[in-house]
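These are the residues of each chain, in order.
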Amino acid sequence: MTTAMLGPSSSGDAMRADGGGKAANLHALTARGYPVPEWICVPASVFDRCRDSGIDEEAAAGIRRALEDAKLLDCYVAVRSSGLEEDSAEHSFAGQFESYLFQRGEPQILEAVQKCWRSASSQRLTAYRQTAGLDGRPVRMGVVIQRMVDADVAGVAFSRNPLRPTDRGSLVVDSVWGQGEGLVSGALDADHFEVDRETLEFRATVAHKRHALVQDPAGGTREVALDPQRGDSASLTAEQVREVTRLALGLERDFGGPQDCEWAYAGGKLFCLQTRPITTLPPDALFDERVSGNEATIWDNSNIIESYAGVTTPLTFTHVSRCYSEVYLQFCRLMAVPEHVISAHEAMFRNMLGLVRGRVYYNLVNWYRLLSLFPGMARSKGFMETMMGVKQSLSPELAALFEDLSRAPRYSVWRRLRLVASTAFRLTRVRRGIEEFLARITRVYRPLEKADLRALSFPEQIALYRRLENEVLKQWTAPIVSDTRCMVAFGLLRELTVRWLERSSAVTNAASIQNDLLCGEGDLMSTEPTRLLMRIAARVDRSDPTDRARFLAESPDQLRASLAGGFMPDIAADFEDFLDRYGFRCADELKLEEPDLHDDPRFVLASVQGYVRHAKFAADAMESRELDIRRNAEDVAHRALSPWRRAIYFRAVRWARRAVSDRERLRFERTRTFGVTRRLFRAMGANLAKLGVLDDERDIFFLTLEELMAFHDGRSVLTDFRPLVEVRRREFDEYRRTPAPPDRFVTRGAAGAALRYPMVLVESDLLAGAGGDDDPALLRGTPCCPGVVEAPIRVARGIEDAEGIQGEILVTERTDPGWVPLFPTCAGLIIERGSLLSHSAVVARELGVPTIVGVSGNPVQRLKTGQRVRMDAGRGEVRIL
């Protein structure tokens, strides 16, 4: 007795249990009367028996008998894998299994069946299953054998538009002349039709009509040129497009969800070759206001990406979100916002930031809501946008989505006057407040920088975190006032520059004047680490020539070991002093999961080697260039302004200089607090690992701050965090592998529902910016620090890509303070993100490195390492040579 095969006459239960996803779909199509070419299925039970030894005589006889009954033995067939998990609602497995077309005769067909079986253990399939979070059980597989249709035209149809998932009214039909293999493989350009699901009218049509893949008499396909007499017609007539459309809609109705179907026309008849669910689309409920809601939220990552680039772990995000909430509560109280107004906006304070597929974004409308609470602060909207680096203001069309912005609290004239008086008083006393705040930081954090935080118990570590929160975070008044002063001072200087200098015939490039005037302040804390490294480089350069040569010849790892082993003890002591002062710094230093310089000092060692090789250790020369830029700008402004305007303008300049310097000083101290917090969290993680709650101390970064607090307090719903960490690790690994959402987009309704589906996170038409420059070789951005440079570029997606940069122009998406040691060895900086007050801009001005920030046109994607460009940083222009 031969092994029974499956086919159209088999029961549905048997097909689902033993045939696999593709076979089950073909069975359902046939049962519902769809025009399906003849087919049979080799069941998974045969695969289970023969996968290791190959097809035995019993299986071969069963396949032969089924092929004869279906009249498939003497025609061309397609042999396709049909995994039991394939084409499910959750996982399509598209492209993971093998298919063999144009097979003919028993020997060839049997060999193709065995090849399909072997694909069940391929590395590609194993990787797919791991990515999809499926278990490690062996894959079971059926194999479909189906008559090949000698197609005149073939293609695919999607009953929902996969290119625009938010478009609920259209479907897509793609077609090519000849066999559909030309479409699937990408060998041919497809004709593309978008059709209205209700009226069946065409919304868009793109026809290519060049070549076709036709069936070769010897088997397979061959490409032929189309008959020129066909004219300009597409591969499908309008009526055929509608027939395919009706097929796709019927499949969606009968199979209970959006379908991706393959079809073919042969001899004027439409065949349905196979169908499967579209697994990438969000559910209809996401677009149903009765389920998901309709409130709009604008997400914008502007210059926050400078601090939190790429994927940020849950612990860092929840710590930072807590800080933002507390700081802006204090801000409102400082700005005399009544307590009942603050209480009414509690949800706003909790949601200043969002975590979008692992990436930190501003919940932008809440920032506008925050500003609208302040008496008399409507004019500061532009100042806030400048400081945050928001490239586009809230348009009237977009503002109309947020009715509460027009219903901001109304305050009496007396309250406004009180606000102006109290704000002016605080701004006059800001220096005193800053000094008191810095003294508190030193008193609280300096002992902790040298303390062994791992010696504390977990409850003691939680208590320390709460003490730091009470003693420092909840006493954040000075940085708030300083940021306010910086926002107002910088905005005022910009407004005066636009009003008085741009209209002056004596000024040819007013756009860079404001930035040039802020160069050469000379006391930015953010540049001091780099200056110290340059002083170390100068000492190395003056050292014994043999020691100098060895210092440069060794790799950073070797040099680290050599210094620890007694090589160049004076230089080693200098490095230890540097790490003692600045070891809490690193690239991405506000992301607590990142190792700091105490963990890995190779970056600063490599930087010093670069300074020595290229004689970049003359800090005086940098300062001289900065002062020259500043004096030239002062001369231009002095000649362009009348005496009374000159007095006002230069008073604003001095105010802005001091404000920017103080802001950078306080941001530096903020980084210091993050350095202690990083060490504290890792110490907590070590204790939790000892308790068996985590596998490794670094796993703590996949938990939230509230989960840690709840575990300590006895409120946690979990007592073992390891399974949760594993789930989150997989999820965040997926975020790293997949493209980032747009810089700015809108979601509607429950934000979490939309954020599950990256395909709906697209820039709204309401957010679209102006078109690009007509000159394809020209990129534009915001002038930051002037200078004209022509040099090759180094494109760096991460700091590791910039290692060893010497005399090239650095092109990157963003930088943070950890990148600063690279700046002196760069000919210039082209930074895709950031604002005039972003850290990159402030430090580049201080170091005198020609810099353009906020560069449009996706320079990191568009430019390639080694290309030469000419950057005019004073005008904010980059020309590709």
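Located above this text is the structure these notes cover.
This section reports on the structure supplied with the text.

Reading guide: rules and limits
- Residues numbered from 1 in each chain as written.
- Predicted model: local features only at pLDDT ≥ 70, side-chain atom pairs only at ≥ 80, totals over all residues.
- Heavy atoms only, no water.
- Helix = DSSP H or I, 4+ residues; strand = E, 2+ residues; numbered from the N terminus.
- Buried < 20%, exposed > 50% of the residue type's maximum accessible area, 1.4 Å probe, protein only.
- Contact = heavy atoms within 4.5 Å.
- Areas by Shrake-Rupley, 256 points an atom, 1.4 Å probe, with all protein chains shown as cover.
- Axes fitted to C-alpha atoms, helices over the stretch in contact; angles between N-to-C directions.
- Parallel < 35°, antiparallel > 145°, perpendicular 65-115°, else oblique.
- Left-handed = near helix turned anticlockwise from the far one by under 90°.
- Nonpolar A, V, L, I, M, F, W, Y, C, P; charged D, E, K, R; others polar.
- Polar contact = N/O pair within 3.5 Å; in protein donor to acceptor, adjacent residues only side chain to side chain.
- Expected span 1.5 Å × (residues − 1).
- Core = buried A, V, L, I, M, F, W, Y, C linked by side-chain atoms within 4.5 Å.
- Phe/Tyr/Trp six-rings, centres within 6.5 Å; stacked < 30°, edge-to-face > 60°.
- Lys NZ or Arg CZ within 6 Å of the ring centre and 35° of its normal.
- Pairing = 2+ DSSP bridges.
- Salt bridge = Lys/Arg side-chain N within 4 Å of Asp/Glu carboxyl O.
- Patch = residues over 30% accessible without salt bridge, like charges linked within 9 Å, V, L, I, M, F, W, Y side chains within 5 Å.

### Overview of the overall build of the chain
- In terms of helices and strands, the chain carries 33 helices and 24 strands.
- Buried residues in the chain amount to 55% of all 881 residues.
- When contacts within the chain are restricted to residue pairs at least 6 apart in sequence, those whose partners lie at least 24 apart make up 71%.
- Summed over its atoms, the accessible surface of the chain is roughly 38,200 Å², and 50% of this surface lies on carbon and sulfur atoms.

### Considerations on the packing of helix H19 (residues 458-471) against helix H28 (residues 643-690)
- H28 packs onto H19 with a crossing angle of 160° between their chain directions and a minimal axis gap of 9 Å. One element, H19, and the other, H28, form an angle in the roughly antiparallel class. In this structure, H19 crosses over H28, and the sense of that crossing is left-handed. Of H28, the residues touching H19 (which contributes Phe458, Gln461, Ile462, Leu464, Tyr465 and Leu468) are Val676, Thr677, Leu680, Phe681, Ala683, Met684, Asn687 and Leu688.
- Across the contact of H19 with H28, the residue classes break down as eleven nonpolar, three polar and no charged.

### Quick notes on the side chain of Ser170
- Turning to its location among the elements, Ser170 is positioned in strand S6 (residues 170-177).
- Accessibility expressed as a relative area gives 0% for Ser170, which makes it buried.
- Only 3.2 Å separates the side chain of Ser170 from the side chain of Asn161, close enough to count as a polar contact.
- At a separation of 2.6 Å, a polar atom in the side chain of Ser170 contacts the side chain of Asp167.
- Setting aside residues up to four positions removed in sequence, Ser170 forms contacts with Ser159, Arg160, Asn161, Val195, Arg197 and Arg203.

### Brief notes about helix H22 (residues 528-541)
- End to end, H22 covers 20 Å across 14 residues, agreeing with the expected 20 Å (1.5 Å per residue, within 8%).
- Here H22 lies mainly inside the structure; ten of its 14 residues are buried.
- Among all positions of H22, only Pro529, Thr530, Arg531, Leu532, Leu533, Met534, Ile536, Ala537, Ala538 and Val540 are buried.

### Describing the nonpolar core
- Membership of the largest hydrophobic core comes to 75 residues, with the highest contact counts inside it found for Val337, Leu370, Phe374, Phe681 and Met684.
- For this core, the element with the highest residue contribution is helix H11 (residues 314-334), accounting for eleven residues.
- Those residues in contact with Phe681 that sit more than four places away from it in its chain are Leu315, His319, Tyr465, Leu592, Ile700, Phe701, Leu705 and Leu708.
- Listed in part, the 32 residues of the second largest apolar core include Ala23, Val36, Phe193 and Ala234.

### Side note on the packing of aromatic side chains
- Going through the model one piece at a time under the given rule, you end up with 21 aromatic pairs.
- Ring geometry for Tyr324 against Trp367: centres 6.1 Å apart, planes inclined by 80°, an arrangement best described as edge-to-face. Residue Tyr324 is found in helix H11, and its partner Trp367 is found in helix H14 (residues 364-372); the two are separated by 43 residues along the sequence.
- For Trp367, a relative accessible area of 5% gives the class buried.
- Through successive ring pairs, a cluster of aromatic residues spans Tyr324, Tyr328, Phe331, Tyr362 and Trp367.
- The positively charged end of Arg104 is found above the aromatic ring belonging to Tyr76, 5.0 Å away from the centroid.
- Here the basic side chain of Arg550 rests over the ring of Phe567, its NZ or CZ set 4.1 Å away from the ring centre.

### A word on the sheet that holds strand S17 (residues 778-780)
- What the eight strands build is an open sheet, ordered S17-S24-S23-S19-S20-S21-S22-S18; its pairing is mixed. Single-partner strands in this sheet number two, and they are S17 and strand S18 (782-785). With strand direction ignored, the average angle separating the axes of adjacent strands in the sheet is 30°.
- Direction of pairing for S17 relative to strand S24 (residues 877-880): antiparallel, over a ladder of three bridges. Paired with Leu778 across the strands is Arg879, a residue of S24.

### Quick look at the pairing of strand S5 (residues 153-158)
- Most of S5 sits out of view: six of its six residues are buried.
- Taking every second residue as pointing to the same face, both faces of S5 are buried, with Val153, Gly155 and Ala157 on one and Ala154, Val156 and Phe158 on the other.
- Bridging between S5 and S6 involves six bridges; their strand directions are antiparallel. Within the sheet, the bridge partner assigned to Val156 lies in S6 and is Asp174.
- In the sheet, S5 pairs with strand S11 (residues 259-266) via six bridges, with the strands oriented antiparallel. Looking at S11, one finds that Gly155 is bridged to Trp263.

### As for the pattern of salt bridges
- The final tally for this structure, using the stated rule, is 66 salt bridges.
- Between Arg814 and Asp588 there is a salt bridge, with the nearest N and O atoms lying 2.8 Å from each other. A residue pair is termed long-range when its members are at least 10 positions apart, and Arg814 in the loop between strand S20 (808-812) and strand S21 (826-831) and Asp588 in the loop between helix H25 (569-582) and helix H26 (602-613) qualify at 226 residues. The same class applies to Arg814 as to Asp588, namely buried.
- Taken together, the shared-partner salt bridges connect Arg446, Glu449, Lys450, Asp580, Glu669 and Arg672 into one network.

### Some details on a nonpolar patch on the surface
- Side chains of Val413, Trp414 and Leu417 sit close together on the surface and give an oily, nonpolar patch of about 380 Å² of accessible area.
- Within the fold, Val413 resides in helix H17 (residues 413-428).

### With respect to unusual backbone geometry
- Its identity as a non-glycine residue notwithstanding, Lys71 has a phi of 60°, on the positive side.
- Tracing the chain through its elements places Lys71 in the loop between helix H4 (57-69) and strand S2 (77-83).
- Backbone geometry places Met568, a non-glycine residue, at a positive phi of 45°.
- Along the chain, the position of Met568 falls in the loop between helix H24 (556-564) and H25.

### Overview of the sheet that holds S2
- Pairing is antiparallel across the open sheet formed by four strands, whose spatial order is S1-S4-S2-S3. In this open sheet, the two edge strands, each paired with only one partner strand, are strand S1 (39-42) and strand S3 (99-103). Ignoring strand direction, the axes of neighbouring strands in this sheet form an average angle of 20°.
- Both S2 and strand S4 (residues 141-147) contribute to a ladder of seven bridges, which runs antiparallel. Counted as the bridge partner of Arg80 is Val144 from S4.
- Across the sheet, H4 lies against S1 and S4, angled at about 170° from S1, the strand it touches most.

### Some remarks on the side chain of Glu669
- Here Glu669 is to be found in helix H28.
- Other than its neighbours up to four places away in sequence, Glu669 contacts Leu438 and Ile441.

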